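# Observations on the three-dimensional arrangement
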Amino acid sequence: QVQLVESGGGLVQAGGSLRLSCAASGRTFSSYVMAWFRQAPGKERELIAATTWTGGNTYYADSVKGRFTISGDNAKNTVYLQMNSLKPEDTAVYLCAARVRSSRAYDYWGQGTQVTVSS
């Protein structure tokens, strides 16, 4: 059974940092694209970062570029999202997702972790 389990969310002041983790299990993810999405109340789900396990190809949304870093640890089957210089508008539920490289759709999703940034 495939599972993506996020952790690391919480409450932080503006300007602070958090590191989210996504532990993947249930299959080999080496050929998958791993991504972080977020969804704020009343807003559409937004893709904010994606990477391959080799780290050779990464994507960042303009809204987080220069502040967030996505990385993966193959040995631990874990993907991270380091979030620095957090802003109140970063407040959202953050979700980890995975898809095969040849697919456009994300097949697997975590349950999400709440990030709240206070001003």
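Treat the numbers as computed from the prediction; the structure is a model and nothing was measured.

What follows deals with the side chain of Asp-90. Mapped onto the secondary structure, Asp-90 falls in the loop between strand 8 (78-83) and strand 9 (92-100). Reaching out from Asp-90, the side chain makes a polar contact with the backbone nitrogen of Lys-87 at a distance of 2.8 Å. Excluding its chain neighbours within four sequence positions, the residues that come into contact with Asp-90 are Arg-38, Arg-67, Phe-68, Ser-85, Val-115 and Val-117.

Quick look at the nonpolar core now. Ranked by size, the top nonpolar core spans 28 residues in total, and within it Met-34, Trp-36, Leu-81, Met-83 and Tyr-94 carry the most contacts. Counting residues per element, the ones that place at least two in this core are strand 3 (18-25), strand 4 (32-39), strand 5 (46-52), strand 7 (68-73), strand 8, strand 9 and strand 11 (113-118). If you look at the next biggest cluster of nonpolar residues, it comprises six residues, including Ala-35, Phe-37, Ala-50 and Ala-97.

What follows is about unusual backbone geometry. Most peptide bonds take the trans configuration, and most residues that are not glycine carry a negative phi. In this structure, Asn-77 takes a positive phi of about 50 degrees despite not being glycine. Locating Asn-77 in the fold gives a position in the loop between strand 7 and strand 8. On the accessibility criterion, Asn-77 (22% relative accessible area) is partly exposed. The backbone of Ser-85 shows a phi angle near 50 degrees, a positive value even though the residue is not glycine. Locating Ser-85 in the fold gives a position in the loop between strand 8 and strand 9.

Conventions and cut-offs
- Residues numbered from 1 in each chain as written.
- Predicted model: local features only at pLDDT ≥ 70, side-chain atom pairs only at ≥ 80, totals over all residues.
- Heavy atoms only, no water.
- Helix = DSSP H or I, 4+ residues; strand = E, 2+ residues; numbered from the N terminus.
- Polar contact = N/O pair within 3.5 Å; in protein donor to acceptor, adjacent residues only side chain to side chain.
- Contact = heavy atoms within 4.5 Å.
- Core = buried A, V, L, I, M, F, W, Y, C linked by side-chain atoms within 4.5 Å.
- Buried < 20%, exposed > 50% of the residue type's maximum accessible area, 1.4 Å probe, protein only.

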